[in-house]
Amino acid sequence: MEIDADIAETIVNPEAYADFDRVHDAFAKLRRDRPVGLAAPEGYDPFWVVTRYDDVKAVEMQSDVFHNGARASTLTTQIDDQKVKELTGGSPHLVRSLVQMDAPDHPKYRKLTQTWFAMKNIKAREARIRELARETVEGMLATGGACDFAEDVALRYPLRVIMEVMGVPDEDTPKMLKLTQELFGATDNEMNRDGGHEKGQELVTMLNEVVTEFFGYFTELTEARRKEPRDDLATVIAQAEVDGAPLGPVEAMSYYVLVATAGHDTTSGSTSSAGWALAERPDVLAEVKADPSLIPGLVEESIRWETPVKHFMRTAMEDTEIGGQAVAEGDWLMLSYPSANRDERAFHEPFRFDPARTEKQLAFGHGPHLCLGQHLAKLEMRILWEELLPRVSEMSLDGVPTRVASTFVSGPKRVPIRFKAA
């Protein structure tokens, strides 16, 4: 029932997620030998690790049985969990966004922006998104044949898109980027707030400082939009009501933080990963250039390949079973999306990067908590590749790429490439 200690330590180690082979080897062993296994690494409450595609989907579909909000919704140590509860007066969450909500609140809050993120509304913004993509490509070409694809292309383009959608002024985008990197990269020594987080230092204190700064910024934005509404998402959130009352300050600020962070960091991770994959695979690059109808498949495959959100946690609200394994009420579960997206039972040759693949990736989740911004993310990536691929004839790595060290949200940190303009 309990998985090997070395595997348990690997899947809670942020550095392992910066090493493609290391973490995927661990998940492959679990899928084969113990697809729903109990991990008990030192310093953590025990949790079930759900690694197969069908089992992750099954948990996602049963939102009445497996809750997001009962315990921490992302992996946390016992010490950090206690510190969060001390800061919040008992809640295991520093923020209360859609990620931390269950019914009946979750559908009510999701509905507030669901129309905004619907395909019809997103497509209405396609022309402006294409302008931003073209500007990004021109900037890449202006480097003269060498750039960091992660930093110069994949990071800044989706950031500009989501900030415009939100209504954040262009001059404030560097601040949003910095805060997002500090939030998701808190366990990465190059990206966190103090520049050198080590075990034993107060991770929660750093995260709380970042969240507080986010809240301060969006409080001012809310006040501005209530006075002068605009055609942006900030206005929607600022004026939203649930059960006839305005959103509470924590819920409103958390909504902003969710959209502002998840709205660009995960997209940039998948885009960076696609650039990395194409730079390593000239045959695939040539194939997609020759057949642009493969671009939507390239987008889907890059999302599967990177799977930027590595996990979410769920809590069993009753005695049940997953994949034949009994799970007790109150048990904590890790849904491993990278493992599900490499499941040999769900994907043919899952460790091959294939834009022609037809199997459906699970990186956006499934069921009631399916990613709200998936249509925007896919549209952004499709447009970028439509604009970029005709403009380059070759791409290759120009150094060793690196990934962010994080068990939660991570992707390529640096992807140095050389390219030739077409």
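Preceding this paragraph is the structure being described.
Residues numbered from 1 in each chain as written. Predicted model: local features only at pLDDT ≥ 70, side-chain atom pairs only at ≥ 80, totals over all residues. Heavy atoms only, no water.

**Student:** Just checking my understanding: could you explain the overall build of the chain for this structure?
**Tutor:** Counting its regular elements, the chain contains 17 helices and 14 strands. Its C-alpha atoms give the chain a radius of gyration of 21 Å, near enough to 22 Å, the size a compact globule of 422 residues would have. Taken across its 422 residues, the chain has 56% of its residues classed as buried. A fraction of 71% describes how many contacts in the chain between residues 6 or more apart in sequence connect residues 24 or more apart. Total accessible area on the chain stands at roughly 17,600 Å², and carbon and sulfur atoms take up 50% of it. The average position of the 48 basic charges and that of the 70 acidic charges among the side chains of the chain differ by 4 Å. (Helix = DSSP H or I, 4+ residues; strand = E, 2+ residues; numbered from the N terminus. Rg over C-alpha atoms; globule rule 2.2 N^0.38 Å. Buried < 20%, exposed > 50% of the residue type's maximum accessible area, 1.4 Å probe, protein only. Contact = heavy atoms within 4.5 Å. Areas by Shrake-Rupley, 256 points an atom, 1.4 Å probe, with all protein chains shown as cover. Lys, Arg positive; Asp, Glu negative; His and termini not counted. Charge placed at Lys NZ, Arg CZ, Asp CG, Glu CD.)

**Student:** Is there a simple way to explain empty space enclosed by the protein in this structure?
**Tutor:** Over the atoms, a rolling probe the size of a water molecule traces out where space has been left empty. Applying the stated criterion across every chain yields a total of one cavity of 30 Å³ or more. Empty space within the largest cavity amounts to approximately 90 Å³. Forming the boundary of the largest cavity are Y17, F20, V23, H24, W305, E306, K310, P338 and R403. The set of elements that each furnish at least two residues to the lining of the largest cavity consists of α2 (20-33) and α15 (295-306). Among the elements that take part in the lining of the largest cavity, α2 stands out by supplying three residues, more than any other. (1 Å grid on protein atoms, 1.4 Å probe; cavity = no way out; pocket = protein on both sides within 12 Å on 5 of 7 lines; lining within 4 Å. Points joined across faces, edges and corners; volume = space filled by probe spheres on them.)

**Student:** When you look at unusual backbone geometry in this model, what are you seeing that I'm missing?
**Tutor:** Most of the time, phi is negative for any residue but glycine, and the peptide bond is trans. Looking along the chain, the bond that leaves A103 and enters P104 is cis, with omega of 10°. Structurally, the position occupied by P104 is in the loop between α4 (78-88) and α5 (105-114). Although it is not a glycine, E349 sits at a positive phi angle of roughly 45°.

**Student:** When you look at the pattern of salt bridges in this model, what are you seeing that I'm missing?
**Tutor:** Two side chains that carry opposite charge are able to pair once their charged atoms sit near each other. Counted under the stated rule, the structure contains 37 salt bridges. Note that E135 is salt-bridged to R160, the shortest N-O span being 2.8 Å. Of the two residues, E135 sits in helix α7 (residues 126-141) while R160 sits in helix α9 (residues 156-166), which places them 25 residues apart along the sequence. Residue classification places E135 among the partly exposed positions, given a relative accessible area of 40%. Taken together, the shared-partner salt bridges in this structure form one network comprising K123, E126, R130, R134, R382, E386 and E387. (Salt bridge = Lys/Arg side-chain N within 4 Å of Asp/Glu carboxyl O.)

**Student:** Before we go on, may I ask you to explain the sheet that holds strand β3 (residues 66-67) in this structure?
**Tutor:** Across a sheet, strands are paired by hydrogen bonds formed along the backbone, either parallel or antiparallel in direction. Spatial ordering of the open sheet is given by β1-β2-β10-β7-β3, a layout of five strands whose pairing is mixed. The sheet terminates laterally at β1 (36-39) and β3, the two strands that pair on one side only. The pairing of β3 with strand β7 (residues 311-316) spans two bridges and is classified as antiparallel. If you follow F66 over to β7, its bridge partner there is A316. Each of β1, β2 (47-50), β3, β7 and β10 (332-336) touches helix α3 (residues 53-61); the most contacted strand, β10, lies at about 125° to it. (Pairing = 2+ DSSP bridges. Axes fitted to C-alpha atoms, helices over the stretch in contact; angles between N-to-C directions.)

**Student:** Got a minute to help me understand the packing of helix α10 (residues 173-184) against helix α11 (residues 203-227) in this structure?
**Tutor:** Working note: a packed helix pair is described by the angle between its axes plus the distance between those axes. At a minimum axis separation of 9 Å, α10 and α11 run at an interaxial angle of 150°. Here α11 runs roughly antiparallel to α10, going by the angle between their axes. In the crossing of α10 with α11, the sense of the turn from one axis to the other is left-handed. Along its contact with α10, which presents K175, M176, L179, T180, E182 and L183, the element α11 presents L207, V210, V211, E213, F214, Y217 and F218. (Parallel < 35°, antiparallel > 145°, perpendicular 65-115°, else oblique. Left-handed = near helix turned anticlockwise from the far one by under 90°.)

**Student:** Honestly, the environment of P246 in this entry has me stumped. Any pointers?
**Tutor:** Relative to the assigned elements, P246 resides in strand β6 (residues 245-246). Each residue touching P246, except ones within four places of it in the same chain, is listed here: A240 and E241.

**Student:** It is not clear to me how the sheet that holds strand β14 (residues 416-421) should be interpreted in this structure. Could you clarify?
**Tutor:** On the basis of which strands lie adjacent, the open sheet formed by three strands has the order β4-β14-β11 and antiparallel pairing. One side of each edge strand has no neighbouring strand; the edge strands of this open sheet are β4 (146-148) and β11 (392-397). Recorded for the sheet is a direction-independent mean angle of 30° between the axes of neighbouring strands. Across five bridges, β11 lies against β14 in antiparallel orientation. In the sheet register, E394 faces β14, and the bridge partner there is K420. Where helix α13 (residues 249-280) meets the sheet, its contacts fall on β11 and β14, and the angle it forms with β11 comes to roughly 95°.

**Student:** Looking at this model, I keep getting lost on the nonpolar core. Mind explaining?
**Tutor:** In a soluble, globular protein the nonpolar side chains are often hidden away together inside. Core analysis: the biggest nonpolar cluster contains 111 residues, and F218 and W385 have the highest contact counts within it. By residue number, the principal contributor to this core is α13, which donates 12 residues. Aside from chain neighbours lying at most four places away, what touches W385 is F149, T271, A274, G275, L278, I295, L298, V299 and P390. Residues I3, A16, F47 and L75 belong to the second largest nonpolar core, which totals 20 residues. (Core = buried A, V, L, I, M, F, W, Y, C linked by side-chain atoms within 4.5 Å.)

**Student:** Any chance you could explain a negative patch on the surface here in plain terms?
**Tutor:** Residues D4, D6, E9 and E42 make up a contiguous surface patch of negative charge. Along the chain, D4 falls in the segment before α1 (5-11). (Patch = residues over 30% accessible without salt bridge, like charges linked within 9 Å, V, L, I, M, F, W, Y side chains within 5 Å.)

**Student:** Would you explain the environment of V59 in this entry?
**Tutor:** Along the chain, the position of V59 falls in helix α3. Separated by 38 residues in sequence, V59 and D21 have C-alpha atoms that sit 26 Å apart. Apart from the residues lying within four places of it in its own chain, the contact partners of V59 are F66, R314, I322 and L335.

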